[in-house]
Amino acid sequence: MADEMPLVEWLEESKAVLADRLEGRTPQVAIVLGSGLGPLAEQVQDAVYVPFSEVPHMKTSTASGHVGRFVCGMLGGKEVVCMQGRLHGYEGNSAQEVAYPIWLMHAIGADTLVTTNAAGAINEGFQVGDFCVMSDHINFTGRNPAAGQQPDRLAMRFFSMHECYDPALRQLAREVADAESVPLREGVYLGLLGPSFETAAEIRAFRAWGADTVAMSVCEEVVAARHVGMRVLGISLCSNMACGIGGASPSDAEVFEVARRSEANFCRLVRGILERL
Ligand code: HPA
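Residues numbered from 1 in each chain as written. Predicted model: local features only at pLDDT ≥ 70, side-chain atom pairs only at ≥ 80, totals over all residues. Heavy atoms only, no water.

Visitor: How should I be thinking about the overall build of the protein chain in this particular structure?
Guide: From N to C terminus, the protein chain includes 8 helices and 9 strands. At 17 Å, the protein chain has a C-alpha radius of gyration in line with the 19 Å of a compact globule built from 277 residues. Each principal axis of the C-alpha atoms in the protein chain carries an extent, and together these give about 50 × 45 × 35 Å. In the protein chain, which comprises 277 residues, the proportion classed as buried is 55%. Counting only contacts in the protein chain whose residues sit at least 6 apart along the sequence, the fraction spanning at least 24 positions is 82%. In the protein chain, which carries 22 positive and 34 negative side-chain charges, the distance between the mean positions of the two groups comes to 3 Å. (Helix = DSSP H or I, 4+ residues; strand = E, 2+ residues; numbered from the N terminus. Rg over C-alpha atoms; globule rule 2.2 N^0.38 Å. Buried < 20%, exposed > 50% of the residue type's maximum accessible area, 1.4 Å probe, protein only. Contact = heavy atoms within 4.5 Å. Lys, Arg positive; Asp, Glu negative; His and termini not counted. Charge placed at Lys NZ, Arg CZ, Asp CG, Glu CD.)

In C-alpha cells form, the structure reads like this:
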C-alpha cells in the first residue's frame, strides 16, 4: 500500500464539489446501476447530472454500457443518488478506487445502498431474465477496500459482514417482486475480478461452495458500504447461464441483450422498493 490515497482529505474535497452541484439535495439512497441497467436513471425526476470526471479524485468509467455519472434527484418518492455506470477492478482500478464513490455517496448523506449488476446464473433452477436478491456473498476478488492505513481513519478497521445484505430490505424486495410479478430468486453471489469470464471448471467449484450467481462487481462496494455502516440491498439480473451450465459460453453481447429486455421489470422492481422503503 505504498501509494495509498489520502482518503479522508480527498473525500472532503470531492464532497465539497458534489454537494455544491447538488444544490441542497441530500440523497438518502445510493443506487449503483450495473451493466445495461442504467436506463433507470432516466426516470429520476428533477435530476442533476454530475459526470464522474467533474468530481475531483473520482476515476471514470471505461466499461461499455457504463455512462459514468452521478444522477441525483427523486425516484419512487425518495431522494436518490444513482451511479449510472460503476467502476470495476478489471478496468485497472484498485479496491479503494472502486469503493471511493460508495464512501462519497455516504459522505453526502446516503445511509442505504442498492447495488445492482448483471450476473451469470450458476444455480440450474434459475432462468435467464430472473432477478436474484443477494442473501450473502463470496468475495473472490482477492481484494478488500478497507485494507490499508487510510480506511482505518474513516471507520473501524474490523467490522462484521454477518447479514451484510439487510434482511428487512431483502424481505421488502420479495414483497415488491410478488406484487409486481417480477421473477425474483434469492441466493449467494460470488464476485471475481474479471475481465475473463469463468471456466466451466471454476463454475463447478463455485457451485460446490454454495454460489448461485457470479459476476465481476459488487463485493468491494458492499464491503465499503458495511465499513461505514450503510444498509445494503444487492440485486442481480441473471443475464446468462454461467459458463458450462447447459453448455453456456457467456458473452457481453448476450448480457446487454438480456438487460435490454429486462429493463421494464428492473425499473418496476427498484422503483417499488424505493416507494415502500
Ligand atoms: N460471469 C461473470 N460476470 C458476468 C457474467 C458471468 O457469467 N454475466 C454477467 N456478468
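Visitor: I tried to follow the site of the ligand on my own but got confused; where do I start?
Guide: In the vicinity of the ligand, the contacting residues are Ala118, Ala119, Gly120, Phe197, Glu198, Val214, Ala215, Met216, Ser239, Asn240, Pro250 and Val255. Within the backbone of alanine 118, an N or O atom sits 3.3 Å from a nitrogen atom of the ligand. The fraction of the free accessible surface of the ligand (260 Å²) that becomes covered by protein chains is 94%. One can see that the ligand is located within the largest pocket. When residues of the shell around the ligand are traced back to their parent elements, those giving at least two are β5 (112-121), β8 (213-215) and β9 (231-241). Per-class residue counts for the shell around the ligand are 8 nonpolar, 3 polar and 1 charged. (Near = heavy atom within 4 Å. Polar contact = N/O pair within 3.5 Å; in protein donor to acceptor, adjacent residues only side chain to side chain. Areas by Shrake-Rupley, 256 points an atom, 1.4 Å probe, with all protein chains shown as cover. 1 Å grid on protein atoms, 1.4 Å probe; cavity = no way out; pocket = protein on both sides within 12 Å on 5 of 7 lines; lining within 4 Å. Sits in = over half its atoms within 2 Å of the grid points. Nonpolar A, V, L, I, M, F, W, Y, C, P; charged D, E, K, R; others polar.)

Visitor: Looking at this model, I keep getting lost on the pairing of strand β7 (residues 184-191). Mind explaining?
Guide: Along any regular strand the residues' side chains alternate between the sheet's two faces. Alignment of strand β6 (residues 131-139) against β7, held across 8 bridges, turns out to be parallel. The residue bridging asparagine 139 from the neighbouring strand is glycine 191, located in β7. As defined by bridge partners, β7 adjoins β8 across 3 bridges and the pair is classed as parallel. Counterpart to leucine 190 in the pairing with β8 is valine 214. Note that the unit made of β7, helix α5 (residues 200-209) and β8 has a crossover that is right-handed. (Pairing = 2+ DSSP bridges. Right-handed = clockwise from strand over helix to strand, strands pointing away.)

Visitor: Please explain the packing of aromatic side chains as it appears in this structure.
Guide: Remark: the centre distance and the inter-plane angle together describe each pair of aromatic rings, the angle taken between the planes. Considering all chains together, one arrives at 5 aromatic pairs under this definition. Geometrically, the ring pair formed by phenylalanine 131 and phenylalanine 266 is stacked, given 6.1 Å between the ring centres and 20° between the ring planes. In this pair, phenylalanine 131 is assigned in strand β6 and phenylalanine 266 in helix α8 (residues 263-276), connecting sequence segments 135 residues apart. The exposure class of phenylalanine 131 is buried, given its relative accessible area of 0%. Arranged with centres 5.5 Å apart and planes meeting at 50°, the rings of phenylalanine 206 and tryptophan 209 form a pair that is tilted. Residue phenylalanine 206 and its partner tryptophan 209 are both found in helix α5; the two are separated by 3 residues, about one turn of the helix. A relative accessible area of 47% places tryptophan 209 in the partly exposed class. What links up through ring pairs into an aromatic cluster is the set Phe140, Phe206 and Trp209. (Phe/Tyr/Trp six-rings, centres within 6.5 Å; stacked < 30°, edge-to-face > 60°.)

Visitor: I keep staring at unusual backbone geometry and nothing clicks. Help me out?
Guide: Excluding glycine, a negative phi dihedral is what most residues carry, and trans is how most peptide bonds are arranged. Following glycine 194, the chain continues into proline 195 via a peptide bond in cis, with omega recorded as 0°. At glutamate 163, a position not held by glycine, the phi torsion is positive, near 50°. Mapped onto the fold, glutamate 163 is located in the loop between α3 (151-154) and α4 (167-180). On the accessibility criterion, glutamate 163 (46% relative accessible area) is partly exposed.

Visitor: Which parts of the structure should I look at to understand the pattern of salt bridges?
Guide: Side chains carrying opposite charge are able to pair once their charged atoms draw close together. As enumerated under the stated definition, the model contains 15 salt bridges in all. Note that arginine 185 and aspartate 130 form a salt bridge whose closest N and O atoms lie 2.8 Å from each other. Residue arginine 185 is found in strand β7, and its partner aspartate 130 is found in the loop between β5 and β6; the two are separated by 55 residues along the sequence. A relative accessible area of 5% places aspartate 130 in the buried class. Three or more residues joined by partner-sharing salt bridges are found here, namely Arg170, Arg174 and Glu186. (Salt bridge = Lys/Arg side-chain N within 4 Å of Asp/Glu carboxyl O.)

Visitor: What is the right way to read helix α1 (residues 7-22) from this model?
Guide: It helps to recall that an α-helix has 3.6 residues per turn; residues three or four apart then point in one direction. The end-to-end C-alpha distance of α1 is 22 Å, a good match for the 22 Å that 16 residues give at a rise of 1.5 Å each. Turning to α1, its buried residues are Leu7, Leu11, Ser14, Leu18 and Leu22. In an axial view of α1, the angular spread of the buried residues amounts to 75°, which keeps them on one side of the axis. At its buried positions, α1 is contacted by β2 (45-51), β3 (69-75), α2 (95-107) and α3. (Expected span 1.5 Å × (residues − 1). Arc of directions from axis to C-beta.)

By themselves, these observations are geometric and do not establish any function.
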